[in-house]
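An overview of the molecular structure
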2 protein chains.
Amino acid sequence: MQISSRFTIAVHVLTCVAVLDGQMPLNSETIAGSVGVNPVAVRNIFRQLKAVGLITVQRGGNGGVALARKLSDITLLDVYRAVDSVESGQLFHFHENPNAACPVGRNIHHVMDGRLAEIQDEMEQKMATMTLADVVTDTEALIAKEAQQAG
Amino acid sequence: MQISSRFTIAVHVLTCVAVLDGQMPLNSETIAGSVGVNPVAVRNIFRQLKAVGLITVQRGGNGGVALARKLSDITLLDVYRAVDSVESGQLFHFHENPNAACPVGRNIHHVMDGRLAEIQDEMEQKMATMTLADVVTDTEALIAKEAQQAG
DNA sequence: TATGCATGTAATCAAGATTAATACATCAAA
DNA sequence: TTTGATGTATTAATCTTGATTACATGCATA
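The structure presented is a predicted model; accordingly, all values stated were derived computationally and were not measured.

1. Here we look at the protein's contact with DNA strand C
Surrounding DNA strand C, one finds 27 residues, the nearest of these being Ser5(A), Gln58(A), Arg59(A), Ser28(B) and Lys50(B). Of what DNA strand C places within 4 Å of the protein, 65% of the atoms are sugar or phosphate. Within the contact set of DNA strand C, a phosphate oxygen lies 3.3 Å away from a side-chain nitrogen or oxygen of Asn38(A). Within the side chain of Lys50(B), an N or O atom sits 3.0 Å from a phosphate oxygen of DNA strand C. Looking at the surface near DNA strand C element by element, the count peaks at six residues for helix H3 (residues 39-51) of chain B. Considered class by class, the residues forming the surface near DNA strand C number seven nonpolar, 13 polar and seven charged.

Given below as structure tokens:
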């Protein structure tokens, strides 16, 4: 299995908010159009991003989304955790019923837990080094390049 | 979503082969008993571990499994890759239909791919530093400690 | 060589998770 | 008060996993 697409969707959503601000209404429907998913899926992600203070959401006529932090203060790890990319925060799914009557079965969990945590931590710390500012800068550079090539 | 439990199951299987050798028949049924899963699940993992040369499997009366490499030559990354822990080797599931009509939609994949690969690589390299020898050593130490406490 | 036992593998089924889609309540602004 | 957007529950469809059954295949031994 893989890490939920909610993660890449959430990054896409936030990038839209940063890049498209002022060019089009930033509501769940237009953003869903860019991402290629259902507007309800986007609204559910709004809720999760709002819950950890990454965005603010306004209801009602001309409602929509706005960033609540500087792009350079939002890391990929923040986004990853906000949208529950993996169940219960555990990257690895440990098999549930090792047999306690077997010496290996009753010790394997304890032996592996520390190592799995180390691996997960290594990955998460790498995510913490990357910010949305980087992603948005690269995206805008590509868009500028497109405009240039179009003449 | 999480990484398939096939990974921790495979580590458990290999640890059984190393620790229980000589103490009980190393066939899919006894090992399945320790892991707490169906014997067919264990046999399917046998097949994957065999395909990459980590074990040899013998059919027929007193058949069973044996390690094909030294424990110190089998890393957690080897096991992880052998059992297809994540789909197509991709840790992240990228949403499938970003809209090419949107400047963000048509560039986000390219912008994120490199970063996702870096994160995945960081994690895999960490797994490559850990060997089954470490896991087996720790497991046997815990077993010895149990025996000591039992008097 | 015949028999028994274990692997190899296909097929089926149930359980759980994901996503899409519908519907409607809630709320803000004009 | 009307309009338009979010908040959220619910249902259905799709997918993946894992358990289970069944049986063919192959090796060892009597």
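2. Some details on helix H2 (residues 28-35) of chain B
Residues and elements named next belong to chain B. All buried positions along H2 are accounted for by Ser28, Ile31, Ala32, Ser34 and Val35. Around the axis of H2, the buried residues are gathered within 160° of arc, so they sit on the same side. Where H2 is buried, its residues touch helix H1 (6-20) and H3. Measuring from the side-chain oxygen of the N-cap residue of H2 to the backbone nitrogen of Glu29 gives 3.0 Å; that N-cap residue is Asn27. Looking one or two residues beyond H2, the residue adopting positive phi is Gly36, at roughly 85°.

3. What to know about the nonpolar core
Within the largest apolar cluster, 95 residues are counted, with the highest numbers of intra-cluster contacts made by Phe7(A), Leu91(A), Met123(A), Leu91(B) and Met123(B). Counting residues per element, this core draws most heavily on helix H1 (residues 6-20) of chain A, at 11 residues. Dropping the residues within four chain positions of it, Leu91(B) is found in contact with Gln2(A), Ile3(A), Leu91(A), Met123(A), Ile3(B), Tyr80(B), Val86(B), Gln120(B) and Met123(B).

4. Brief notes about the protein's contact with DNA strand D
By nearness alone, 25 residues border DNA strand D, and Ser28(A), Gly60(A), Ser5(B), Arg59(B) and Gly60(B) come closest of all. Contact distances for DNA strand D include 3.2 Å between a base nitrogen and a side-chain N or O atom of Arg43(A). Within the side chain of Gln58(B), one N or O atom sits 2.9 Å away from a phosphate oxygen of DNA strand D. Listing elements by their share of the surface near DNA strand D, those giving two or more residues are helix H3 (39-51) and strand S1 (55-58) of chain A together with H3 of chain B. No other element matches the six residues that H3(A) contributes to the surface near DNA strand D.

5. Quick notes on the relation of the copies chain A and chain B
Note on the identical chains: chain A maps onto chain B by a rotation of 180° and an axial translation of 0.0 Å, with an RMSD of 0.0 Å. These values place the two chain copies in the arrangement generated by a two-fold rotation axis. For chain A, the smallest separation between a C-alpha atom and the rotation axis is recorded for Met123(A), amounting to 2.5 Å. An overlap of 100% is found between the interface residues of chain A and their copies at the interface of chain B, pointing to a shared contact surface.

6. Considering the packing of aromatic side chains
Summed over the entire model, instances satisfying the criterion amount to four aromatic pairs over all chains. A ring pair is formed by Phe7(A) and Tyr80(A), whose centres lie 5.8 Å apart and whose planes are at 85°; its orientation type is edge-to-face. Note that Phe7(A) is positioned in helix H1 and Tyr80(A) in helix H4 (residues 76-82), a separation of 73 residues in sequence. Both residues of the pair, Phe7(A) and Tyr80(A), count as buried. For the pair Phe92(A) and Phe7(B), a centre-to-centre distance of 5.6 Å together with 35° between the ring planes defines the contact as tilted. Of this pair, Phe92(A) sits in the loop between H4 and helix H5 (108-128) while Phe7(B) sits in helix H1, each in a different chain. The pair Phe92(A) / Phe7(B) is uniform in exposure class, with both members buried. Grouped by ring-pair contacts, the aromatic residues Phe7(A), Tyr80(A) and Phe92(B) constitute a single cluster.

7. Some words on the packing of helix H2 (residues 28-35) of chain A against H3(A)
Residues and elements named next belong to chain A. Between H2 and H3, whose axes approach to 8 Å, the crossing angle comes to 110°. Here H3 runs roughly perpendicular to H2, going by the angle between their axes. Counted together, Ser28, Glu29, Ile31 and Ala32 of H2 and Pro39, Val42, Arg43 and Phe46 of H3 form the full contact between these two elements. The class makeup of the residues in the contact of H2 with H3 is five nonpolar, one polar and two charged.

8. So, the interface of chain A and chain B
Interfaces are often described in size by the accessible area the parts lose on coming together. Counting from both sides, the interface comprises 57 residues of chain A and, opposite them, 57 residues of chain B. Between chain A and chain B, roughly 5,400 Å² of surface is buried when both sides are summed, and carbon and sulfur atoms account for 66% of that area. Counting across the interface, chain A meets chain B through 25 residue pairs in polar contact (both at pLDDT 80 or more). For the side of chain A that touches chain B, the leading source of residues is H5(A), giving 12 residues. Class assignment of the residues belonging to the side of chain A that touches chain B gives a composition of 29 nonpolar, 19 polar and nine charged.

What counts and how
Residues numbered from 1 in each chain as written. Chains lettered and ligands numbered in written order. Predicted model: local features only at pLDDT ≥ 70, side-chain atom pairs only at ≥ 80, totals over all residues. Heavy atoms only, no water. Near = heavy atom within 4 Å. Polar contact = N/O pair within 3.5 Å; in protein donor to acceptor, adjacent residues only side chain to side chain. Helix = DSSP H or I, 4+ residues; strand = E, 2+ residues; numbered from the N terminus. Nonpolar A, V, L, I, M, F, W, Y, C, P; charged D, E, K, R; others polar. Buried < 20%, exposed > 50% of the residue type's maximum accessible area, 1.4 Å probe, protein only. Arc of directions from axis to C-beta. Contact = heavy atoms within 4.5 Å. Core = buried A, V, L, I, M, F, W, Y, C linked by side-chain atoms within 4.5 Å. Least-squares fit on C-alpha atoms with pLDDT ≥ 70 in both. Phe/Tyr/Trp six-rings, centres within 6.5 Å; stacked < 30°, edge-to-face > 60°. Axes fitted to C-alpha atoms, helices over the stretch in contact; angles between N-to-C directions. Parallel < 35°, antiparallel > 145°, perpendicular 65-115°, else oblique. Buried area = accessible area lost by both parts, 1.4 Å probe.

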